[in-house]
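One-letter residues, chain by chain:
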Amino acid sequence: MPPKKKDAVEEKSPLFLGRFGTSLKIGIVGVPNVGKSTFFNCLCKQSIPAENFPFCTINPNESRVEVPDARFDWLCDHFKPPSRVPAFLSVVDIAGLVRGASEGEGLGNAFLSHIAGCDAIFSMMRVFDDPDVTHVDGDVDPIRDTETIFHELRLKDVEYLTNNIEKVAKIVARMGDKDKAAKNEYETMLKARELLQEGKDVRKCSWSNKEIEALNKHLLLTSKPVIYLINMSEKDYFKKKNKWLLKIKQYLDENDPGATMLPFSGALETVLMDDPDNAKAYLEEHKTTSALDKIIVTGFKALGLQYFFTVGEDEVRAWTIQRHTKAPQAAGKIHSDMERGFIKAEVYKYDDLVEHKTEAGVKAAGRYRMEGKNYEVLDGDIINIKFNVTDSKKK
């Protein structure tokens, strides 16, 4: 009998810009009166002030929103457990930024610090005309508004880097090549500042793994993933037409290739929220759908998050992890002992359970797998963890 293969050397997960963890937040960012708080109200089914004047929101409002998933719904219907725990997206409503925010204009410094506390951005772009909802710059121009926002974020990043480059420079001057990490950090910060001064956001530039490690010590504002939300009037959303849509698409293709833009209507979502009993009929009447579910799922993925399921008659639960998480670390989300004493993960797919009805049926079909410590957990995996923790030997 051939000897058992030892687990391969543990592979490192790919690096990415941003904070590592699962308690991540996405912030709603835009100039005043573009529909941020209205969107937040509908998203969270809360009643946050959404008045028609700038800086209605001063302190950021934060809420957790359930991530919609037909797989989770099916699992709950199938097992009928008393405890059902879905995944959640943490959303922050941040007050409007104006030109000069990086220098403190319009309470800008406080608002920029709120963005710093988030890990991704919903960039709100207003394309609806409404004489009753004033625009801080007088007229509607979503491209100008977007340029204002990211110009201010770049200026703040430049200011931050300038202040911190001086600190790291002193370490490099004292230690020279002996402190390679400090030297790499110093060179990376200089490169980032130069790119920002050229009008380039950090997230749009190419970085090596070493540079990413250095940048992740600072979590710059322009390093955060961005999803563009296009806030349309109800009428335009029904027609799927607006004079700005093509212009925004062309602008993003040129300035942020591959960016996600999601049209929605704050006015429509408000109608649906205010009259939930008739929401379905209203959508059918106008042959349209709410965009909120898609926005939530897209925001969750933008944070680099996914989840696996544990299932049974007692509980169906979605466990949030970051992409590329290995099985032992995923097990640690359930309990630290499971990571410490990890033996293996018994894994099967949601689709296989739907097809074969029971775990026994999945096993009989040969679709039940045993995975080791180097297994990278995939979104929607159903997992049972096998572990064993023994007490440390007494000295």
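Model, not experiment: these values are computed from the prediction. (Residues numbered from 1 in each chain as written. Predicted model: local features only at pLDDT ≥ 70, side-chain atom pairs only at ≥ 80, totals over all residues. Heavy atoms only, no water.)

Draft legend 1. Highlighting the overall build of the protein chain. Helix and strand counts for the protein chain come out as 15 helices and 12 strands. For the protein chain, the proportion of its 395 residues judged to be buried stands at 46%. The long-range share in the protein chain, meaning contacts at least 24 apart out of those at least 6 apart in sequence, stands at 71%. For the protein chain, the exposed surface amounts to about 21000 Å²; the carbon and sulfur share of it is 50%. (Helix = DSSP H or I, 4+ residues; strand = E, 2+ residues; numbered from the N terminus. Buried < 20%, exposed > 50% of the residue type's maximum accessible area, 1.4 Å probe, protein only. Contact = heavy atoms within 4.5 Å. Areas by Shrake-Rupley, 256 points an atom, 1.4 Å probe, with all protein chains shown as cover.)

Draft legend 2. Structural view of the sheet that holds strand β1 (residues 25-29). Read across the sheet, 6 strands follow the order β2-β4-β1-β5-β6-β7 without closing on themselves; strand pairing throughout is mixed. Strands at the two margins of the open sheet, each flanked by one partner only, are β2 (61-66) and β7 (260-264). Each strand of the sheet is rotated relative to its neighbour by a mean of 25 degrees, with strand direction disregarded. Relative to strand β5 (residues 120-126), helix α4 (residues 142-175) is tilted by about 150 degrees, and along the sheet it contacts β1, β5 and β6 (226-231). Packing of helix α11 (residues 292-302) onto the sheet brings it into contact with β1, β2, β4 (88-93), β5, β6 and β7, and relative to β7 it is tilted by some 155 degrees. (Pairing = 2+ DSSP bridges. Axes fitted to C-alpha atoms, helices over the stretch in contact; angles between N-to-C directions.)

Draft legend 3. Up close: the pattern of salt bridges. In the structure shown here, the tally under the stated rule is 20 salt bridges. With a shortest N-O distance of 2.8 Å, Asp256 and Arg203 are connected by a salt bridge. Linking Asp256 in the loop between α8 (245-255) and β7 with Arg203 in the loop between α5 (180-197) and α6 (209-215), this pair joins segments that are 53 residues apart in sequence. The closest approach of N and O atoms between Asp381 and Lys349, which form a salt bridge, is 2.6 Å. Linking Asp381 in the loop between β11 (369-371) and β12 (382-387) with Lys349 in the loop between β10 (342-348) and α14 (350-356), this pair joins segments that are 32 residues apart in sequence. Residue classification places Lys349 among the partly exposed positions, given a relative accessible area of 25%. (Salt bridge = Lys/Arg side-chain N within 4 Å of Asp/Glu carboxyl O.)

Draft legend 4. Just the packing of helix α1 (residues 36-44) against helix α9 (residues 266-274), in detail. The geometry of α1 relative to α9 is characterised by a closest axis approach of 9 Å and an angle of 35 degrees between their N-to-C directions. Note on packing geometry: the crossing formed by α1 with α9 is left-handed. Taken together, the residues of α9 that come into contact with α1 (itself represented by Thr38, Asn41 and Cys42) are Gly266, Glu269, Thr270 and Met273. (Left-handed = near helix turned anticlockwise from the far one by under 90°.)

Draft legend 5. Main features of α4. Over its 34 residues, α4 runs 48 Å from end to end, which matches the ideal 50 Å to within 8%, given 1.5 Å per residue. Just downstream of α4 lies Gly176, where phi reads positive at about 60 degrees. (Expected span 1.5 Å × (residues − 1).)

Draft legend 6. Structural view of the packing of aromatic side chains. Evaluated as defined, the whole model comprises 8 aromatic pairs. Seen from their ring centres, Trp74 and Tyr350 are 5.7 Å apart, and the 90 degrees between their planes marks the pair as edge-to-face. With a gap of 276 residues between them, Trp74 in helix α2 (residues 70-79) and Tyr350 in helix α14 connect regions that are remote in the sequence. Assessed through its relative accessible area of 24%, Trp74 is described here as partly exposed. Taking the relative accessible area as the measure of exposure, Tyr350 reaches 14% and is therefore buried. Here the aromatic cluster, defined as three or more aromatic residues joined through ring pairs, consists of Phe39, Phe122 and Phe264. (Phe/Tyr/Trp six-rings, centres within 6.5 Å; stacked < 30°, edge-to-face > 60°.)

Draft legend 7. The side chain of Gln322, seen in detail. Summarising the element assignment, Gln322 is placed in strand β9 (residues 315-322). We classify Gln322 as buried; its relative accessible area is 2%. Dropping the residues within four chain positions of it, Gln322 is found in contact with Phe16, Arg19, Phe20, Gly21, Thr22, Leu24, Leu303, Gly304, Leu305 and Gln306.

Draft legend 8. Up close: α1. Extensive coverage of α1 is indicated by the burial of 8 of its 9 residues. Within α1, the full set of buried residues consists of Lys36, Ser37, Phe39, Phe40, Asn41, Cys42, Leu43 and Cys44.

Draft legend 9. View of the packing of α4 against α5. Interhelical geometry of α4 versus α5 gives an angle of 155 degrees and a closest axis separation of 9 Å. Classified by the interaxial angle, the pair formed by α4 and α5 is roughly antiparallel. Of the two elements, α4 crosses α5, and the hand of that crossing is left-handed. Two secondary-structure elements touch here, α4 through Arg154, Asp157, Val158, Leu161, Thr162, Asn164, Ile165, Val168, Ala169, Ile171 and Val172 and α5 through Ala182, Lys183, Glu185, Tyr186, Met189, Leu190, Ala192, Arg193, Leu196 and Gln197. (Parallel < 35°, antiparallel > 145°, perpendicular 65-115°, else oblique.)

Draft legend 10. Expanded view of the nonpolar core. Within the largest apolar cluster, 75 residues are counted, with the highest numbers of intra-cluster contacts made by Phe39, Ile115, Leu153 and Leu229. With residues up to four places along the chain from it excluded, the contact list for Ile115 reads Val29, Ile94, Leu97, Ile121, Leu153, Leu221 and Lys224. In terms of nonpolar packing, the next biggest core, distinct from the first, is built from 17 residues, Ile165, Met189, Ala192 and Leu220 among them. (Core = buried A, V, L, I, M, F, W, Y, C linked by side-chain atoms within 4.5 Å.)

Draft legend 11. Expanded view of unusual backbone geometry. With a phi close to 50 degrees, Lys80 is a non-glycine residue in the positive phi region. Tracing the sequence through the fold places Lys80 in the loop between α2 and β3 (83-85). If you check the backbone angles, His324 has positive phi at about 75 degrees while not being a glycine.

Draft legend 12. Structural view of the pairing of β9. Along β9, 6 of the 8 residues are buried, which leaves the element largely enclosed by surrounding structure. In this structure, β3 lies alongside β9, joined through 3 bridges in parallel fashion. Residue Arg84 lies in a different strand from β9, and its bridge partner there is Val316. From the end of strand β8 (residues 305-310) to the start of β9, which pair antiparallel, there are 4 residues.

Draft legend 13. Highlighting the pairing of β1. The buried count for β1 comes to 4 of 5 residues, which makes it a mostly enclosed element. Bridge count for β1 against β4 is 4 bridges, and the pairing is parallel. Each residue of the ladder has a partner; that of Gly27, found in β4, is Val92. Where β1 lies against β5, 4 bridges are found, and the strand directions are parallel. Looking at the pairing, Gly27 lines up with Ile121 of β5.

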